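Remarks on the overall topology
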Amino acid sequence: MTIQKTVKVLNNEGLHARPASLLVQAAAQFKSDVFVCHEEMRLNAKSIMNIMSLGLAKDAEFTIEASGDDAQIAVDKLAELVDSGFGEL
């Protein structure tokens with residue numbers, strides 16, 4: 001079963017290196033396959049290069065998608081992290 005949630009980047013600097021790193025570290029804690037989807041791209045959220053390649057600016061919307069045993073908690077925790085502004089707000 002695949003779980004999805006759409007979130008918005010709240011950080012003024014967008015999803016730059018520090019928040020991207022925090023997102024990857026958080027995604028890596030889960031057994032589920034976790035992806036970030038933006039426009040036509042669906043990339044592994046456990047790869048810093050993938051997250052950085054999205055170039056997500058402030059107010060950009062993207063979808064967090066997970067499938068696996070802990071998919072619901074993975075999506076919830078990652079969405080919570082994005083909604084918190086990665087501690088930068």
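Report on the accompanying structure. (Residues numbered from 1 in each chain as written. Predicted model: local features only at pLDDT ≥ 70, side-chain atom pairs only at ≥ 80, totals over all residues. Heavy atoms only, no water.)

**Points about the overall build of the protein**
Here is the rule: Runs of H or I in DSSP of at least four residues are treated as helices and runs of E of at least two as strands, each being numbered from the N terminus. Here the globule rule reads 2.2 Å times residues to the power 0.38, and the radius of gyration is calculated from C-alpha atoms.
Helix and strand content of the protein: 3 helices and 4 strands. Ordering the α and β elements of the protein from the N terminus gives β-α-β-β-α-β-α. Relative to the compact-globule value of 12 Å for 89 residues, the protein shows a C-alpha radius of gyration of 11 Å, a close match. Its C-alpha atoms give the protein principal-axis dimensions of about 35 × 25 × 20 Å.

**Brief notes about the pairing of strand S3 (residues 41–44)**
Where we set the bar: Any two strands with at least two DSSP-identified bridges between them are counted as paired.
Examined bridge by bridge, strand S2 (residues 33–38) and S3 share 4 bridges and lie antiparallel to one another. Among the inter-strand pairings, His-38 is bridged to a residue of S3, identified as Met-41. Once S2 ends, the chain turns through 2 residues before running back antiparallel as S3, passing Glu-39 with a positive phi of about 55°.

**Thoughts on the nonpolar core**
Filter applied, for reference: Residues enter a nonpolar core if they are buried and are Ala, Val, Leu, Ile, Met, Phe, Trp, Tyr or Cys, with the set joined through side-chain atoms within 4.5 Å. Any residue under 20% of the maximum accessible area for its type is buried, any over 50% is exposed, and the rest in between are partly exposed; the area is computed with a 1.4 Å probe on protein chains only. Any two residues having at least one pair of non-hydrogen atoms within 4.5 Å are treated as being in contact.
If you look at the biggest cluster of nonpolar residues, it comprises 28 residues, and the most contacted ones within it are Leu-23, Val-34, Ile-51, Phe-62 and Ile-64. With 6 residues, helix H3 (residues 71–83) is the largest single contributor of residues to this core. Not counting chain neighbours up to four residues away, the residues in contact with Ile-51 comprise Leu-15, Ala-20, Leu-23, Val-24, Val-36, Asn-44 and Ala-45.

**Some remarks on the packing of aromatic side chains**
The test is simple: Centres within 6.5 Å are what make two rings of Phe, Tyr or Trp a pair, Trp counting through its six-membered ring; a difference in plane orientation under 30 degrees is then read as stacked, over 60 as edge-to-face, and the rest as tilted. Note on geometry: a ring has a charge over it if NZ (lysine) or CZ (arginine) is within 6 Å of the ring centre and within 35 degrees of the ring normal.
The full count for this structure, using the stated rule, is 0 aromatic pairs. Just above the ring of Phe-35 sits the side chain of Arg-42; from NZ or CZ to the centre is 3.8 Å.

**Overview of the environment of Ser-53**
Put simply, the rule reads: Polar contacts, as counted here, are pairs of nitrogen or oxygen atoms within 3.5 Å of one another; within protein the pair requires one atom able to donate a hydrogen and one able to accept it, and residues that are adjacent in sequence qualify only if both atoms are side-chain atoms.
By the secondary structure assignment, Ser-53 is in helix H2 (residues 48–53). Separated by 15 residues in sequence, Ser-53 and Gly-68 place their C-alpha atoms 25 Å apart. At 2.7 Å, the side chain of Ser-53 forms a polar contact with the backbone oxygen of Asn-50.

**What about the packing of helix H1 (residues 17–28) against H3?**
Pairs of packed helices are described in terms of their axes, by the angle between the two and the distance that separates them. Where we set the bar: In this description, a line fitted to the C-alpha atoms serves as the axis of each element, helices being fitted only across the stretch in contact, and the angle between N-to-C directions of two axes falls anywhere from 0 to 180 degrees. Between 65 and 115 degrees an angle is taken as roughly perpendicular, under 35 as roughly parallel, over 145 as roughly antiparallel, and anywhere else as oblique. We call a crossing left-handed when the near helix sits turned anticlockwise from the far one by less than a right angle, and right-handed when that turn is clockwise.
At a minimum axis separation of 10 Å, H1 and H3 run at an interaxial angle of 165°. In terms of orientation, H1 and H3 fall into the roughly antiparallel class. Helix-helix and strand crossings are classified by hand; for H1 and H3 the assignment is right-handed. From H1, Leu-22, Leu-23, Ala-26 and Ala-27 reach across to H3, where they touch Leu-78, Leu-81 and Val-82.

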